[in-house]
Amino acid sequence: MRQAVQQRWADAAMTVAFGDLPPVSAFPVVPGRRWGPGLWWSATTRRHVAAGSNAMRGQLMVLGRDPDVTGLAGRPVRLLWRGPRGQVRSWVPQLFARRADGTALLADCPGHRDAGGERAVKAAEAVTEACAHVGWTYRRVPPLDDVLAANLKWLAGYRHPRNAGRPGLMAAVVEAFTRPRPLVEGTEAVGDPIEVLPCVFHALWHGR
């Protein structure tokens, strides 16, 4: 029976487009928390991804800049298994990311190390085992450093394709920075900073 379940999970992992699925359940709203559930527009998928917390939004920004990531989704899958005494257990990982090689990452983004308590620890063990059967990975990723998070949030404001500017501008920007030089100097070498800077920041976001 266990082998049959593992095989069904393996088949689904390779054939289901989890990155295209809506959340299987809504992110909870926690009274008193400064940042609640919302939507994050992904430059990778060109559509919104459900995000349940500020910590998760930070990880979406990190993955959004990773050229190896081809798909993103919030809570698209629920895993169920039986505990030691036969009781049914379930867990919905917060984040799914598909990689270019077809493998994937399931992740949770706790606001602090002990978030979720013992239940989260047991779920992490079960999800890690399930992912190992299909060549995926599972991680509980800690919140970003405050400075890194602030810089990514600012730079993410230029992630939309419209910031690439007119045809030929991106190529000119890349050419201008083929050698290290001050930001303003390289920008002015291309043209009017008001037009060029958004393209420069767009290139930085995409790692150009």
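The rules behind these values
- Residues numbered from 1 in each chain as written.
- Predicted model: local features only at pLDDT ≥ 70, side-chain atom pairs only at ≥ 80, totals over all residues.
- Heavy atoms only, no water.
- Helix = DSSP H or I, 4+ residues; strand = E, 2+ residues; numbered from the N terminus.
- Buried < 20%, exposed > 50% of the residue type's maximum accessible area, 1.4 Å probe, protein only.
- Contact = heavy atoms within 4.5 Å.
- Expected span 1.5 Å × (residues − 1).
- Polar contact = N/O pair within 3.5 Å; in protein donor to acceptor, adjacent residues only side chain to side chain.
- Axes fitted to C-alpha atoms, helices over the stretch in contact; angles between N-to-C directions.
- Parallel < 35°, antiparallel > 145°, perpendicular 65-115°, else oblique.
- Left-handed = near helix turned anticlockwise from the far one by under 90°.

Enquirer: How should I be thinking about the environment of Pro 193 in this particular structure?
Expert: With respect to the helices and strands, Pro 193 occurs in helix α7 (residues 193-205). Overall, the relative accessible area of 28% leaves Pro 193 in the partly exposed class. Separated by 89 residues in sequence, Pro 193 and Ala 104 place their C-alpha atoms 40 Å apart. If we ignore the near neighbours within four places in the chain, the residues touching Pro 193 are Thr 187, Glu 188 and Pro 198.

Enquirer: What's the story with α7 in this structure? I'm lost.
Expert: Owing to its 3.6 residues per turn, the α-helix brings residues three or four apart onto one side. Here α7 contains 13 residues, and its C-alpha end-to-end distance of 18 Å stays within 8% of the 18 Å for a straight helix at 1.5 Å per residue. When we look at burial in α7, the residues that qualify are Val 196, Cys 199, Val 200, Phe 201, His 202, Ala 203 and Trp 205. Against α2 (54-64), α4 (146-156), α5 (169-176) and α6 (183-190) lie the buried residues of α7. Looking at where α7 begins, the residue whose side-chain oxygen comes 3.0 Å from the main-chain nitrogen of Ile 194 is Asp 192. Gly 207 occupies a position one or two residues after α7 and carries a positive phi of about 70°.

Enquirer: Explanation requested: the packing of α4 against α7 in the structure shown.
Expert: Helix-helix packing is characterised by the crossing angle of the two axes and by the distance between the axes. For the pair α4 and α7, interaxial distance at closest approach is 9 Å and the crossing angle is 125°. Classified by the angle between their axes, α4 and α7 sit oblique to one another. Judged by the twist between their axes, the crossing of α4 over α7 is left-handed. Of the residues in α7, those in contact with Leu 152, Trp 154, Leu 155 and Ala 156 of α4 are Phe 201, Leu 204 and Trp 205.

Enquirer: Is there a simple way to think about unusual backbone geometry in this case?
Expert: Both trends apply: most residues other than glycine have a negative phi, and most peptide bonds are in trans. Although it is not a glycine, Arg 46 adopts a positive phi angle of roughly 60°. On the secondary structure map, Arg 46 appears in the loop between β1 (38-42) and β2 (47-51). Unlike most non-glycine residues, Arg 75 shows phi in positive territory, near 50°. Mapped onto the elements of the fold, Arg 75 is located in the loop between β3 (69-74) and β4 (79-82). You can call Arg 75 buried: its relative accessible area is 13%.

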